[in-house]
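Close look at the chain arrangement
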Amino acid sequence: MQLNLIGRFEIVTDDGREYTINAPKISRMLALLALQPRGVVATDLLIQELWGENPPRGALRTLQTHVYHARKLLMEEKVTEPDRDLLVTRAPGYELQVDDDEVDTISFERLIQRAQWELTAGRVERADEQVSRALGMWRGPVLSNVPVGCVLAGRVARVEELRIRALELHIETGTLLGRHRELLPDLRTLVHDYPLHEWFHGQLISALHQVGRRGEALQAYQDLYQILSTELGLQPSDDVQRLQAEILNGAGSEMFLRRPRPDDFGHGSVAASLSA
């Protein structure tokens, strides 16, 4: 059995069938439980996800009804062995009893962690392999077919941040392996998709300089300058300004890379600034 939350929320049964739950509230409830496998999710949190800050009277009873129907669906669809209890009641709420490797977001995070560990240990090629596997799992926005509430939104944002960390690692390992030209299409996309992520801009400027495209590197700097000035009233960081000065002065094209702190990643945050 596999629970896929990256992209469309779907359940892959033991015999390989893909099943999508059409009931929105049951989908949201199961998705929230899946994002915390083998951990109890309190009824209050589930109610908040399904009905917001002002739940109707009788919300607890309605939640219990949703749990009943969810169990029935899982059994009728023969998701896994009939004697395996997936959705169990456990005070103060409910728990989804699935293994970590049965939830794609957990596998995704573990691959990113391994990539970070390999990179910290200086094993760049192994790190590159792990992050490539992680990015290969990305099928689109998390829970793209589920209307998320305020609780799920925070969980989804965390997975999206993990993807940004994976993209940073992809650029970092590729740069360390000398793949400057190959990274340019990805970097063009990244500065478009994350216009305020200064580190991506710095990597694009540096990569262009590395492959001898000095004019385009300077234009990429001007693009960043304009974005930061217009959106935030800021100037590029000192590191990026020094890079621009080196390009203008025709200095040797040293690799521009500031490795994000491993301890930042360990706490689930994304090191997105050049000062990291």
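Above: the structure in question.
Everything in this summary refers to the structure shown in the same document. Everything quoted here is computed from the prediction, not taken from an experiment.

Focus: the sheet that holds strand 1 (residues 2-4)
One open sheet accounts for three strands, arranged 1-2-3; its pairing is antiparallel. Strands at the two margins of the open sheet, each flanked by one partner only, are strand 1 and strand 3 (18-19). As judged from the two bridges shared by strand 2 (residues 10-12) and strand 3, these two strands associate in the antiparallel manner. Paired with Val12 across the strands is Glu18, a residue of strand 3.

Re helix 7 (residues 180-193)
Across its 14 residues, helix 7 extends 20 Å between first and last C-alpha, which sits within 8% of the 20 Å expected from 1.5 Å per residue. Inspection of helix 7 places His180, Leu183, Leu184, Leu187, Leu190 and Val191 among the buried residues, and these make up the whole buried set. Next to the buried residues of helix 7 lie helix 6 (150-176) and helix 8 (198-210).

Observations regarding the sheet that holds strand 4 (residues 41-42)
Reading across from one edge, 4-6-5 is the order of the three strands in this open sheet, with antiparallel pairing throughout. Two strands bound the open sheet, and with one partner strand each, they are strand 4 and strand 5 (87-90). Relative to strand 6 (residues 93-96), strand 4 is paired through two bridges, and the arrangement is antiparallel. By the bridge assignment for strand 6, Ala42 is matched with Gly93. Relative to strand 6, helix 1 (residues 24-34) is tilted by about 70°, and along the sheet it contacts strand 4, strand 5 and strand 6.

Quick notes on the rules
- Residues numbered from 1 in each chain as written.
- Predicted model: local features only at pLDDT ≥ 70, side-chain atom pairs only at ≥ 80, totals over all residues.
- Heavy atoms only, no water.
- Pairing = 2+ DSSP bridges.
- Helix = DSSP H or I, 4+ residues; strand = E, 2+ residues; numbered from the N terminus.
- Expected span 1.5 Å × (residues − 1).
- Buried < 20%, exposed > 50% of the residue type's maximum accessible area, 1.4 Å probe, protein only.
- Contact = heavy atoms within 4.5 Å.
- Axes fitted to C-alpha atoms, helices over the stretch in contact; angles between N-to-C directions.

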